[in-house]
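Survey of secondary and tertiary structure
Take a look at the letters that make up each chain.
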Amino acid sequence: MRVYNFSAGPGMLPIEVLEKVKSGLTDYENSGMSVMEMSHRSKPYEKINDRVTALMRELMNVPDNYDILFVQGGATNQFSAVPLNIGTVNRKADYVVTGNFAKNAYKEGAVHLDAAIAASSEDKNFTYIPKLKPDMFRKDADFVHICYNNTIFGTQYDAAPDTAGIPLVADMSSMILSREVNVSDFALIYAGAQKNIGPAGVTVVIVRHDLTDRADPKCPVMLRYDNQVKNKSLYNTPPCFSTYIVMEVLQYLKDRGGVTAIQKINEAKAKKLYDYIDCSDFYTNSVKKSDRSIMNVPFVSPSPELDAEFIAGAAENGLVSLKGHRLVGGMRASIYNAMPPEGVDKLIEFMDKFAKSHKNA
Ligand SMILES: *Cc1c(COP(=O)(O)O)cnc(C)c1O
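Residues numbered from 1 in each chain as written. Predicted model: local features only at pLDDT ≥ 70, side-chain atom pairs only at ≥ 80, totals over all residues. Heavy atoms only, no water.

1. Things to note about the overall build of the protein
Secondary structure summary: the protein contains nine helices and 13 strands in total. Taking the principal axes of the C-alpha coordinates as reference, the protein spans close to 65 × 55 × 30 Å. Here the protein, with 361 residues, has 56% of them falling under the buried criterion. Considering only contacts in the protein between residues 6 or more positions apart, those separated by 24 or more positions represent 68%. (Helix = DSSP H or I, 4+ residues; strand = E, 2+ residues; numbered from the N terminus. Buried < 20%, exposed > 50% of the residue type's maximum accessible area, 1.4 Å probe, protein only. Contact = heavy atoms within 4.5 Å.)

Below is the structure:
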């Protein structure tokens, strides 16, 4: 039986994509082999590599002066790749710390350059996004780094901040292709695939071409954007199978109306869940309303004991991986693109039943 998987990552994938992958698993498009067994220099794989790039460009409306790369090492590897590739002019970068991943990016930045925290929401346990103004950034910073959706704390930016021309870098791991973004507002976007667009193993990097010519000479070859651009992400053996599944997920998204269509669905799912939580006198979400994520919804019941009982009970009802991150506790429902609206309806139904039977318990 398939369950509704509310995991923050790896997240759910559309069943239609899994079935399609299964049907071609042992013989992909009459090649006589699986994509797992295929040379990355073969014609069928070249086609996959070109197609996934074209689909990403189309779905995100990526302008021609940006390169799209599919690389390994997860979003975490980009915490190092970004400073080593583009933090090389004045060797200074400003970070906005809005959660655990944003902080990890800052810490890794500080290994390679003069990293500063331009703003932070740690004072209120990352329950909001700080208001950013251009004068909060050092004029000679090589880039400003933000985390667009904070997976653990359940906050999101509603728009790209104004950095007065300093290249803006965004970690979009937990929201890429969930809602519209204007790629030109950013100098560089990166995202691990395993939340919204595929399995773990591949990370997408969208980088303005003029920023790819300034890598630190000591930058490891695998991290160098210019090297990956020149080789169309095929410098060494890429994660072919993961990339192939990303291609199928993107095709699935395109067939269903692309980002505009999925954004409407995602906003409706999130609104329903937040509205239920806000009306309830049993569950609470402590994130500032204007900064609430439409992808990750943390909430708590009146006590940690009830939280634990809730999580176990939900799992028995086919609603799994609802345990909150250890830094926050309670519950977290990750409702990425692949979570169908019925999954959210079922969750609310269970929440309501649980609240009614545990009130004044
Ligand atoms: C999950 C996540 C990461 C870490 O991704 P890996 O691919 O595991 O390195 C980084 N940033 C954000 C926002 C995430 O959600």
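Still to come is the rest of the account.
2. Topic: helix α2 (residues 43–60)
Taking 1.5 Å as the rise per residue, α2 with 18 residues should run 26 Å; its terminal C-alpha atoms sit 26 Å apart, in good agreement. Turning to α2, its buried residues number three or more, namely Y45, I48, N49, V52, L55, M56, L59 and M60. Down the axis of α2, the buried set is contained in an arc of 135°. They therefore lie on one face. Summarising the geometry of α2, the exposed residues directed more than 90 degrees from the buried face are K43 and K47. At the C-terminal side of α2, N61 shows a positive phi close to 55°. (Expected span 1.5 Å × (residues − 1). Arc of directions from axis to C-beta.)

3. Brief notes about the sheet that holds strand β5 (residues 143–147)
Taken in spatial order, the seven strands of this open sheet run β2-β10-β9-β8-β5-β3-β4, and their pairing is mixed. The outermost strands of the open sheet, each flanked by one partner alone, are β2 (66–71) and β4 (114–120). Here the average twist between neighbouring strands, direction ignored, is 20°. Relative to strand β10 (residues 203–208), β2 runs antiparallel, the two sharing six bridges. Within the sheet, the bridge partner assigned to F70 lies in β10 and is V204. With respect to the sheet, helix α4 (residues 100–112) is in contact with β3 (92–97), β4, β5 and β8 (168–171), its orientation differing from that of β3 by roughly 160°. (Pairing = 2+ DSSP bridges. Axes fitted to C-alpha atoms, helices over the stretch in contact; angles between N-to-C directions.)

4. Here we look at the site of the ligand
Around the ligand lies a shell of 13 residues, among which T76, T151, D171, Q194 and K195 are the nearest. Backbone polar atom of A75 to an oxygen atom of the ligand: 3.0 Å apart, as the coordinates give it. Note that an oxygen atom of the ligand is positioned 2.9 Å from one of the side-chain N or O atoms of Q194. Protein contact buries 86% of the 380 Å² of open area that the ligand shows by itself. Of the residues forming the shell around the ligand, the biggest block, four residues, is contributed by helix α3 (residues 74–86). Within the shell around the ligand, the residues separate by chemical class into four nonpolar, seven polar and two charged. (Near = heavy atom within 4 Å. Polar contact = N/O pair within 3.5 Å; in protein donor to acceptor, adjacent residues only side chain to side chain. Areas by Shrake-Rupley, 256 points an atom, 1.4 Å probe, with all protein chains shown as cover. Nonpolar A, V, L, I, M, F, W, Y, C, P; charged D, E, K, R; others polar.)

5. Thoughts on the packing of helix α1 (residues 15–23) against helix α6 (residues 240–255)
The N-to-C vectors of α1 and α6 enclose an angle of 130°; their axes lie 10 Å apart at closest approach. Classified by the angle their axes make, α1 and α6 are oblique. Handedness of the crossing formed by α1 with α6: right-handed. Contacts between α1 and α6 pair E16, V17, K20 and V21 from the former with F241, Y244, I245, E248, V249 and Y252 from the latter. (Parallel < 35°, antiparallel > 145°, perpendicular 65-115°, else oblique. Left-handed = near helix turned anticlockwise from the far one by under 90°.)

6. Focus on the pairing of β5
Along a regular strand, successive side chains alternate from one face of the sheet to the other. Most of β5 sits out of view: five of its five residues are buried. Residues F143, H145 and C147 of β5 are buried on one face, and the alternating residues V144 and I146, pointing to the opposite face, are buried as well. Across four bridges, the pairing between β5 and β8 is parallel. Paired with C147 across the two strands is D171, which belongs to β8.

7. Re the packing of aromatic side chains
Across all of its chains, the model carries 17 aromatic pairs by this definition. Each ring, one from Y95 and one from F143, has its centre 5.8 Å from the other, and the planes form 75°; the classification is edge-to-face. Note that Y95 is positioned in strand β3 and F143 in strand β5, a separation of 48 residues in sequence. A centroid spacing of 6.1 Å and a plane angle of 50° characterise the contact between Y276 and Y283, whose relative ring orientation is tilted. No difference in accessibility class separates Y276 from Y283, as the two residues are buried. By way of ring pairs, the aromatic residues Y276, F282, Y283, F299, F310, F350 and F354 are connected into one cluster. The aromatic ring of Y128 is capped on one face by K124, whose charged end is 5.6 Å from the ring centroid. (Phe/Tyr/Trp six-rings, centres within 6.5 Å; stacked < 30°, edge-to-face > 60°. Lys NZ or Arg CZ within 6 Å of the ring centre and 35° of its normal.)

8. A word on the pairing of strand β13 (residues 331–334)
Along β13, one buried face is formed by M331 and A333 and the opposite face, lined by R332 and S334, is buried too. Bridge count between strand β11 (residues 296–299) and β13: four bridges; the pairing is antiparallel. Bridge assignment links P298 to a residue of β13, and that residue is R332.

9. Side note on the pattern of salt bridges
Within this structure, the stated rule accounts for 18 salt bridges. Residues E29 and K47 are paired through a salt bridge, measuring 3.7 Å at the closest nitrogen-oxygen approach. A residue pair is termed long-range when its members are at least 10 positions apart, and E29 in the loop between α1 and α2 and K47 in helix α2 qualify at 18 residues. Using a relative accessible area of 56% as the deciding quantity, one classes K47 as exposed. We note a salt bridge from R138 to D94, for which the minimum N-O separation is 2.8 Å. In this pair, R138 sits in the loop between β4 and β5 while D94 sits in strand β3, placing the two residues 44 residues apart along the sequence. (Salt bridge = Lys/Arg side-chain N within 4 Å of Asp/Glu carboxyl O.)

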